[in-house]
Amino acid sequence: NVGIRDLLVFRFPITAISSISHRVAGVVLFLGLFVMLFALQKSLQSEDGFNFIRAQMASPSGLLIFFFVMAPFVFHFVAGIKHLLMDLGFGETYEGGALGAKLVFTISAFLIAIIMFWLLT
């Protein structure tokens, strides 16, 4: 008999966490696409629309929205490269998959930090 407490103590392997995160990032990217398309459409309508989007991007809420679109993009991109490398035969063992997952999280965090530093300066 499995209870909710049993599920709370279960630990997924890093490869499963990476795989699930890759899928979640893809869904978030799909949803973020509507926000980015709205911003593109508004910015191309007129000079006032462009200035509105530019002002929104400079605001804290605009930066937060951009972060919630850019971070999943970066993670999904890096994880996609890992999958392409696995398709070529690299990292197919459990140890290789675990190392690849750790590298995906590390490289993604590093790239996201660089992008946010660049935006805030």
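Residues numbered from 1 in each chain as written. Predicted model: local features only at pLDDT ≥ 70, side-chain atom pairs only at ≥ 80, totals over all residues. Heavy atoms only, no water.

## Overview of the overall build of the chain
Inclusion rule: Every helix listed is a DSSP run of H or I at least four residues long, and every strand listed is a run of E at least two residues long, numbered separately from the N terminus. Radius of gyration here uses only the C-alpha atoms, and the compact-globule reference equals 2.2 Å multiplied by the residue count raised to the power 0.38. Only protein chains enter the accessibility calculation, which uses a 1.4 Å probe; a residue is then buried when its area is under 20% of its type maximum, exposed when over 50%, and partly exposed in between. In this analysis, two residues are considered to be in contact whenever any of their non-hydrogen atoms come within 4.5 Å of each other. Surface exposure here means Shrake-Rupley accessible area, sampled with a 1.4 Å probe, where a residue is shielded only by the protein chains that are shown. This count recognises Lys and Arg as positive and Asp and Glu as negative, with His and chain-terminal groups excluded. For charged residues, the charge sits on one atom: NZ in Lys, CZ in Arg, CG in Asp, CD in Glu.
When helices and strands are counted, the chain shows 5 helices and 0 strands. When the helices and strands of the chain are listed from N to C terminus, the series reads α-α-α-α-α. Scaling as 2.2 N^0.38, a compact globule of 121 residues should have a C-alpha radius of gyration of about 14 Å, whereas the chain reaches 19 Å, well beyond that. Considering only C-alpha atoms, the chain reaches an extent of 60 × 40 × 25 Å along its principal axes. Considering the chain as a whole, with its 121 residues, one finds that 25% of them fall into the buried category. Here the contacts in the chain between residues at least 6 apart in sequence split such that 77% fall between residues at least 24 apart. Total accessible area computed for the chain in this model is approximately 8900 Å², and 74% of it derives from carbon and sulfur atoms. With 7 positive and 6 negative side-chain charges, the chain shows a spacing of 8 Å between the two charge centroids.

## Quick look at the packing of helix 3 (residues 47–58) against helix 4 (residues 60–87)
We count it as follows: Working convention: axes come from line fits to C-alpha atoms, limited for helices to the stretch in contact. Angles between N-to-C directions cover 0 to 180 degrees. For classification purposes, an angle smaller than 35 degrees is called roughly parallel, one larger than 145 roughly antiparallel, one from 65 to 115 roughly perpendicular, and anything else oblique. Ten residues, namely Ala, Val, Leu, Ile, Met, Phe, Trp, Tyr, Cys and Pro, are considered nonpolar, four, namely Asp, Glu, Lys and Arg, are considered charged, and the remaining ones, Gly among them, are considered polar.
Contact geometry for helix 3 and helix 4: axes closest at 4 Å, N-to-C directions at 85 degrees. If you check the angle between helix 3 and helix 4, you find them roughly perpendicular. On helix 4, the residues that touch Gln56, Met57 and Ala58 of helix 3 are Pro60, Gly62, Leu63 and Phe66. Residue composition of the contact of helix 3 with helix 4, grouped by class: 5 nonpolar, 2 polar and no charged.

## As for helix 5 (residues 94–120)
For clarity, the threshold we go by: Here a helix's expected span is defined as the number of its residues, less one, multiplied by 1.5 Å.
Taking 1.5 Å of rise per residue, 27 residues should cover 39 Å, and helix 5 covers 39 Å from first to last C-alpha, within 8% of that figure. Inspection of helix 5 places Gly97, Ala98, Gly100, Ala101, Val104, Ser108, Ile112 and Met116 among the buried residues, and these make up the whole buried set. On its buried side, helix 5 packs onto helix 2 (14–45) and helix 4.

## Details of the side chain of serine 43
Basically, it comes down to this: Here a polar contact means two N or O atoms within 3.5 Å. Within protein one must be a hydrogen donor candidate and the other an acceptor candidate, and residues neighboring in sequence count only if both atoms are side-chain atoms.
Along the chain, the position of serine 43 falls in helix 2. Take serine 43: its relative accessible area is 16%, and that puts it in the buried class. Here leucine 40 takes part through its backbone oxygen, which lies 2.9 Å from a polar atom of the side chain of serine 43. Serine 43 has contacts with Gly49, Phe50 and Ile53, leaving out every residue within four places of it along the chain.

## Section: helix 3
Along its 12 residues, helix 3 runs 16 Å from first to last C-alpha, staying within 8% of the 16 Å computed at 1.5 Å per residue. Two to three positions downstream of the cap, the backbone nitrogen of aspartate 48 sits 3.4 Å from a side-chain oxygen, assigning the N-cap of helix 3 to serine 46.

## A look at the nonpolar core
Considering soluble globular proteins, one finds that nonpolar side chains tend to be buried as a cluster. Quick reminder of the rule: For our purposes a nonpolar core is just a set of buried Ala, Val, Leu, Ile, Met, Phe, Trp, Tyr and Cys residues, chained together by side-chain atoms within 4.5 Å.
Listed in full, the 9 residues of the largest apolar core are Ala25, Ala71, Val74, Phe75, Val78, Ala79, Val104, Ile112 and Met116. Mapped onto this core, the elements with two or more residues apiece are helix 4 and helix 5. The residues touching valine 74, leaving out its near neighbours within four places in the chain, are Ser108, Leu111, Ile112 and Ile115.

## Focus on the packing of aromatic side chains
Where we set the bar: The criterion for an aromatic pair is that two Phe, Tyr or Trp rings (for Trp, the six-membered ring) have centres within 6.5 Å, with stacked assigned to planes under 30 degrees apart, edge-to-face to planes over 60 apart and tilted to the rest. Either the NZ atom of lysine or the CZ atom of arginine qualifies as a charge over a ring when it sits within 6 Å of the ring centre and within 35 degrees of the ring normal.
Summed over the entire model, instances satisfying the criterion amount to 4 aromatic pairs. Between phenylalanine 30 and phenylalanine 34 the ring centres are 5.4 Å apart and the planes differ by 80 degrees, which places this aromatic pair in the edge-to-face class. Of the two residues, phenylalanine 30 and phenylalanine 34 are both situated in helix 2; the distance of 4 residues between them amounts to about one turn of the helix. Of note, lysine 42 hangs over the ring of phenylalanine 52, and the distance from its end group to the ring centre comes to 5.5 Å.

## Some thoughts on the side chain of serine 108
Position of serine 108 among the secondary structure elements: in helix 5. The exposure class of serine 108 is buried, given its relative accessible area of 2%. Leaving out residues up to four positions away in the same chain, serine 108 has contacts with Val74, Phe75, Val78 and Leu103.

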